[in-house]
Amino acid sequence: MNKPLDLKELMVDQAALAKRLRQETSGEVMTDSASRGRYATDASIYQAMPVAVFVPKTAEDIATAIQIAAELGVPVLPRGGGTSQCGQTTGAALVIDNSKYFRNILDLNLDKAYVEVEPGMVLDHLNGSLKQHGLWYPVDVSTAGQATIGGMAGNNSCGSRSIAYGNMVHNVLGINAWLANGQIAEFGNYANSSGVAKQLGDFVKGLATTLQPEIETHFPKVLRRVAGYNLDIFHPQSELPYTQDGSVNLSHLLVGSEGTLAYFKSLKLKLAPLPKYKVLGIVNFASFYKAMDSAQHIVKLGPTAVELVDRTMIDLARSNPSFKKTIETALIDHTAQTPEAILLVEFSGEAHAPLLEKLKALEELMGDLGLAGSVVPMPDANLQKNLWEVRKAGLNIMMSLKGDGKPVSFIEDCAVPLESLADYTQALTDVFSKYGSRGTWYAHASVGTLHVRPILDMRRDGAQKMRAVAEEASALVRKYKGAYSGEHGDGLCRGEWISWQFGPKITEALAEIKTAFDPKGLFNPGKIINPPKMDDASNFRFPPSYKVIPLQPALDWSAWNVQNNPVTEETSAPGTGGDPAMGLAKAVEMCNNNGHCRKFDAEVMCPSYRVTRDEKHLTRGRANTLRLALSNQLDMKDESSPLGSDAIKEVMELCVSCKACRRECPTGVDMAKMKIEFLSAYKKRVGHSLRDLAVAYLPKYAGTISSIPLLPALLNLRNHIAPIAKLQEWIMGISAQRSLPIWKSKTFWSNPKAITPYQYSADELSKQKGVVLLADTFNAYFEDENLIAAIKVLTAAGYQIHIPHKSQSKAANTEQNTCSKEFCCGRTYLAAGMVDKAKETLGELVNHLAPYAGKNIPIIGLEPSCLFTLKDEALVMGFGERAVTISQHAQLLEEFLANEVKAGKLNLNLKAASKPVLFHGHCHQKSFAAVTPAMELLKLIPNAEPKLIESSCCGMAGSFGYEAEHIEVSKQMAEASLLPSIRKSPDSWVVADGTSCRHQIADGTQREAVHIAKILAAHL
Ligand SMILES: Cc1cc2nc3c(=O)[nH]c(=O)nc-3n(C[C@H](O)[C@H](O)[C@H](O)COP(=O)(O)OP(=O)(O)OC[C@H]3O[C@@H](n4cnc5c(N)ncnc54)[C@H](O)[C@@H]3O)c2cc1C
Ligand code: SF4
Ligand code: SF4
């Protein structure tokens, strides 16, 4: 039996470990507290500081690291995406991250339909490359964009379509792995095995044979059982045999071993044909019990998935404007009361017609069950895709609950036989109410594994409630002969339930297996064997002792400073949550480590991770570092300012403030705002650089520069004379590789009288077809043709325009004599962390705009980063209701025009385009869902055939791309998809609203991108 390791001894070895790893491997070695802290958590409620973190570059690095760790007696913990929900990826060990460098396909055999991959390969990436061959790896976990094959095998993961394809254990053909002594063993077909794998296989066979009666008694007979080791490989107890031909495969012993037996080097996987067609039948139920009771009958029709969405989730989706329409496509009658539950029943296959027959059979079945007319048939692939998205988003909305009480995953994957599902869910719902909580049910009805998370506050009485609910849930699982651990693995959360599930003899046998594989107990100790109690608070991320340091943030975070009611989920009033950091800490703590930001597919989040694949350049890594700093868990030299510390600087360095996480992170972690907080604290500590000042005060001095004769031309020489650019790089850190925006002597503001026709009071404008058009610094001083084009379009459409300007403002203004007479949104100050200055500047604009917004006059902007400041940061800068009203009227030119067209108030009558159009959305535009209106508008130009470039951030991000230390990363971001897409279409217009996006495109492709105002004006 393994003894738990003494963790104090391990700390002593840290320096020696790091030294040897650095000397003997080519990998990245991290021992500082912030780096270790970023690997201390997964998507569970647990936290444990690693001894060190190692990111190996070669297989030899891993082998050497295992060897060194063994010699020094340091545990080893392999890690993929770190998305486990039970704490299996947390531990005081040398954590080895496979996800950065081990992402290759090693062998693909199309005839035999198998693939061999490295352990860090992400499922979606694998399936992306298999698609062209009509194949896929069908263990379709919800975290497909982040989960690695190594981690999936480690957890014996299961997808939504497991009823048709099985779990990981059913789909792994072989594993090559390092044992704890560094030896490599090949685990595959037992009959053909040899060497150490055969010896281990024989040993396990001996145990299994002796314990056969115990195994038959204690192993649940359900598909979804992932607890412990698969001691049943010799006589599978699963509903679905582990192999098709009844053979024994030793790799199945490693599947679900959670890094405790061996370190996977490569995995051979069984592939399935990609179904050509899919249809969906959505069954509407007036009773939740009936829905659960029907699942057992529905599965007999042979569906590939049966997924539950309950009423709470349907209502959440219906109350969200982005999901309302889609969720209502699933309802029999959207004017009637919301059904108590819907079941999404999917059939798939090679031909469409038989699937339509299946849908008919489903309708007949429901008729037989007394629910005639309850099925919405959905043969359309696009509608199906949208509905699956809503099903996923429902979970996200649930997870975004603010306050210390959170939906906690600990009994969310118990699996029971389908005939007992209705009784089990009803009884568990009663248990929740007994403990003052409530659960929202969703997911895999087909296999009796429904996800449900009661809301618990782990800082207060969460641990006690968790224990009580778990005890009662386990009694129900036993009553219904189910599996307590049915999908997400054991980890720290379910380890103690292994002996409960299997009894002492099997538990003892599992420990013997561990000893045979890993005699010193170095691989991921404390998981599966000798686990701690699930409610041992010393393992919690938020134990009752968790304390936040008092802090006065620069922005208003009171909306996060709340508590919630676990039954109604209502939150208390802003500012009442008791956060010593005034809500900032609670906003940071919204990150539950689900890892969704580690994605590479559509959308934007997180550009810096996409190009570096470093945990520290990821939204999650940033949130974790902030959390640790704000709760005083980092060793810091600059303790006076944890928020402005070097540890935070390191993680914020490559955050381009794209605001993608604000929209795409399931819990709404808004790192761009947190970066403003960091910059504010950091710059207070170290002061502003010349470059900061040059960027921040640009709106103030731009007018002066353009008005001094010859000065613009003189400054522009920098773009043509390399030594000047070099000198500037040396003095200011502005990259000589970049051209700078071209100064002009004739700008939009050169003749303030020219804007006299565009001056109206709010009263005057409200009596006409009026709009306010913001002349931002970038468009006014550097690209005034965009403003002129916007005026042309709006005028042609019959609108009266007011352009805010202090000198002619009819609204009272106290700042008439400052050097700048233009209003400004304060963006450049925010980028430099000068929040007070931004407040002052933006405050003037808010004062000016308030009367116009009060009269419901649209406020139109051209530069997304400026316009969306009014809809975002302005709301947390203390401007009160005025800012809220303004934000409701602030919109991009295309948003305004597209809405007017839709409302039938505008007919633009545009000329045909001579060439097609490519559109690149600015990150902030994407973050505020303002790309669709641009596309709608471009579609009004005959022959334009607008295509949206699927791109993340362009990499310029305000001043980021100009900064010498960021130029390479900036270019990599642009090259990830934006620039190659543009190069592929040499004969298109390229439309981009962001000044910096256009600049990046020009620098990288030598193509001129235009603002949408310009292309519209050109086609009038
Ligand atoms: C929102 C959300 C939804 C989820 N949905 C699902 C779902 O639908 N189905 C499901 O089954 N799970 C689900 N999970 C859980 C989790 O995403 C999966 O278990 C996933 O497969 C884990 O992959 P990973 O790369 O993140 O593994 P990690 O968490 O990094 O590791 C998982 C385990 O594998 C071990 N491991 C990793 N690499 C190796 C290696 N090379 N050798 C040996 N052991 C290794 C680790 O030590 C650890 O014990 C979900 C999680 C979240 C947060
Ligand atoms: S930042 Fe958001 S997406 Fe990333 S891990 Fe945290 S909660 Fe998930
Ligand atoms: S703002 Fe953008 S770069 Fe920064 S963390 Fe969020 S997604 Fe990543």
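See the structure above.
By convention here, each chain's residues receive numbers from 1 onward along its written sequence. Lettering of chains starts at A and numbering of ligands starts at 1, both following the order in which they are written. Thresholds applied to this predicted model are a pLDDT of at least 70 for local features of residues and 80 or more for the giving and counting of side-chain atom pairs; totals over whole chains, interfaces and linings are not thresholded and use all residues. Side-chain measures were taken over the full set of non-hydrogen atoms in the model, leaving aside hydrogen atoms and water.

Trainee: Would you take a moment to explain empty space enclosed by the protein for this structure?
Mentor: Empty space left among the atoms is revealed by rolling a probe the size of a water molecule over them. Whether a set of points on the 1 Å grid over the protein atoms alone is a cavity depends on a 1.4 Å probe fitting there but being unable to get out, while an open set qualifies as a pocket with protein on both sides within 12 Å along at least five of seven lines; lining residues are those with an atom within 4 Å of a point. Grid points are joined across faces, edges and corners, and a volume is the space filled by probe spheres set on the points. This model, assessed by the stated rule, comprises 11 cavities of 30 Å³ or more. In this structure, the largest cavity encloses a volume near 180 Å³. Lining the largest cavity we find 21 residues, and of these Ala 775, Asp 776, Phe 823, Cys 824 and Cys 825 sit closest to its centre. Only runs of H or I of at least four residues qualify as helices and only runs of E of at least two qualify as strands under DSSP, and these elements are numbered from the N terminus. At the level of elements, α30 (777–781), α32 (827–831) and α34 (864–871) are the ones that each hand at least two residues to the lining of the largest cavity. Per element, the largest residue contribution to the lining of the largest cavity is three residues, and it comes from α34. Looking at the lining of the largest cavity residue by residue, the class counts come to 14 nonpolar, three polar and four charged. In the scheme used here, Gly and all other residues not listed as nonpolar or charged are polar, with Ala, Val, Leu, Ile, Met, Phe, Trp, Tyr, Cys and Pro taken as nonpolar and Asp, Glu, Lys and Arg as charged.

Trainee: It is not clear to me how the pattern of salt bridges should be interpreted in this structure. Could you clarify?
Mentor: Only one rule defines a salt bridge in this text: a Lys or Arg side-chain nitrogen within 4 Å of an Asp or Glu carboxyl oxygen. What the rule picks out here adds up to 56 salt bridges. We note a salt bridge from Glu 328 to Lys 324, for which the minimum N-O separation is 3.0 Å. In this pair, Glu 328 and Lys 324 both sit in helix α12 (residues 321–328), four residues apart, roughly one turn of the helix. A relative accessible area of 37% places Lys 324 in the partly exposed class. Glu 471 serves as the salt-bridge partner of Arg 467, at 3.3 Å between the closest nitrogen and oxygen. Here Arg 467 and its partner Glu 471 are both found in helix α16 (residues 462–479), four residues apart, which amounts to about one turn of the helix. In this structure Arg 467 comes out as buried when scored by relative accessible area, which is 18%. Only protein chains enter the calculation, and the probe is 1.4 Å; a residue is then buried if its accessible area is under 20% of its type maximum, exposed if over 50%, and partly exposed in between.

Trainee: Help me understand the environment of Lys 649 in this model?
Mentor: Of note, Lys 649 is situated in helix α22 (residues 646–652). For the pair Lys 649 and Leu 679, spaced 30 residues apart in sequence, the C-alpha separation works out to 8.4 Å.

Trainee: What is the right way to read the sheet that holds strand β8 (residues 172–178) from this model?
Mentor: One requirement defines pairing of two strands: DSSP has to find at least two bridges between them. Across the sheet, five strands lie side by side as β5-β6-β10-β8-β9; this open sheet has antiparallel pairing. Where the open sheet ends on each side, the last strands, each with one partner, are β5 (105–109) and β9 (184–187). The mean inter-strand angle of the sheet, taken between neighbouring strand axes irrespective of direction, is 10°. Lying on the sheet, helix α3 (residues 59–72) is in contact with β8 and β10 (263–270); it crosses β8 at an angle near 60°. Packing of helix α4 (residues 123–130) onto the sheet brings it into contact with β5, β6 (114–117) and β10, and relative to β5 it is tilted by some 40°. Lines fitted to C-alpha atoms define the axes, with helix axes restricted to the stretch in contact, and inter-axis angles between N-to-C directions lie between 0 and 180 degrees. Here, two residues are considered to be in contact whenever any of their heavy atoms come within 4.5 Å of each other.

Trainee: Would you explain the pairing of strand β24 (residues 917–920) in this entry?
Mentor: Taking every second residue as pointing to the same face, both faces of β24 are buried, with Val 917 and Phe 919 on one and Leu 918 and His 920 on the other. Taken together, the four bridges between β24 and strand β26 (residues 989–992) define a ladder with parallel strand orientation. In the sheet register, Val 917 faces β26, and the bridge partner there is Trp 989. Both β24 and strand β25 (residues 947–948) contribute to a ladder of two bridges, which runs parallel. Among the inter-strand pairings, Phe 919 is bridged to a residue of β25, identified as Leu 948.

Trainee: Is there a simple way to explain unusual backbone geometry in this structure?
Mentor: Only a minority of non-glycine residues have a phi that is not negative, and only a minority of peptide bonds are not trans. With an omega of -15°, the peptide bond between Met 605 and Cys 606 qualifies as cis. For Cys 606, the location among the structural elements is in the loop between α19 (584–588) and α20 (607–612). Residues other than glycine seldom take positive phi values, yet Met 582 does so here, at roughly 60°. As for its position among the elements, Met 582 is in the loop between α18 (504–517) and α19. Residues other than glycine seldom take positive phi values, yet Ser 657 does so here, at roughly 50°. Secondary-structure assignment places Ser 657 in the loop between α22 and α23 (660–664).

Trainee: What exactly am I supposed to notice about the packing of aromatic side chains here?
Mentor: Remark: the centre distance and the inter-plane angle together describe each pair of aromatic rings, the angle taken between the planes. Only the six-membered ring of Trp is used, alongside the rings of Phe and Tyr, when aromatic pairs are assigned; centres must lie within 6.5 Å, and planes under 30 degrees apart are stacked while those over 60 apart are edge-to-face, with the rest tilted. As enumerated under the stated definition, the model contains 21 aromatic pairs in all. One aromatic cluster is present, built from ring pairs that chain together Phe 288, Phe 432 and Trp 441. The lysine or arginine in question, Lys 268, covers the ring of Tyr 114, its NZ or CZ lying 4.2 Å from the ring centre. Across from the ring centre of Phe 542, 4.4 Å away, lies the NZ or CZ of Arg 459, which sits over that ring. To sit over a ring, a charge needs its Lys NZ or Arg CZ within 6 Å of the ring centre and within 35 degrees of the ring normal.

Trainee: Quick question: what am I supposed to make of the nonpolar core here?
Mentor: Proteins that are soluble and globular tend to have nonpolar side chains buried together. Among buried residues, the Ala, Val, Leu, Ile, Met, Phe, Trp, Tyr and Cys ones that are joined through side-chain atoms within 4.5 Å form a nonpolar core. Ranked by size, the top nonpolar core spans 142 residues in total, and within it Met 674, Leu 773, Leu 794 and Leu 870 carry the most contacts. It is helix α33 (residues 835–854) that contributes the most residues to this core, nine residues altogether. Formed by 61 residues, the second largest nonpolar core is a distinct cluster that contains Leu 200, Leu 254, Ala 262 and Leu 269.

Trainee: How should the site of ligand 1 be read in this particular structure?
Mentor: Ligand 1 sits among 35 residues. The nearest are Pro 78, Thr 83, Ser 84, Thr 148 and Cys 158. Side-chain polar atom of Thr 89 to an oxygen atom of ligand 1: 3.0 Å apart, as the coordinates give it. For the shell around ligand 1, the secondary-structure elements that each account for two or more residues are β3 (76–79), α5 (149–155) and β10. Of the residues in the shell around ligand 1, the class split is 11 nonpolar, 21 polar and three charged. We call a residue near a molecule or strand when any one of its heavy atoms sits within 4 Å of it. Contacts described as polar in this section are N or O atom pairs within 3.5 Å, which, within protein, must combine one atom able to donate a hydrogen with one able to accept it, while residues neighboring in sequence count only if both atoms come from side chains.

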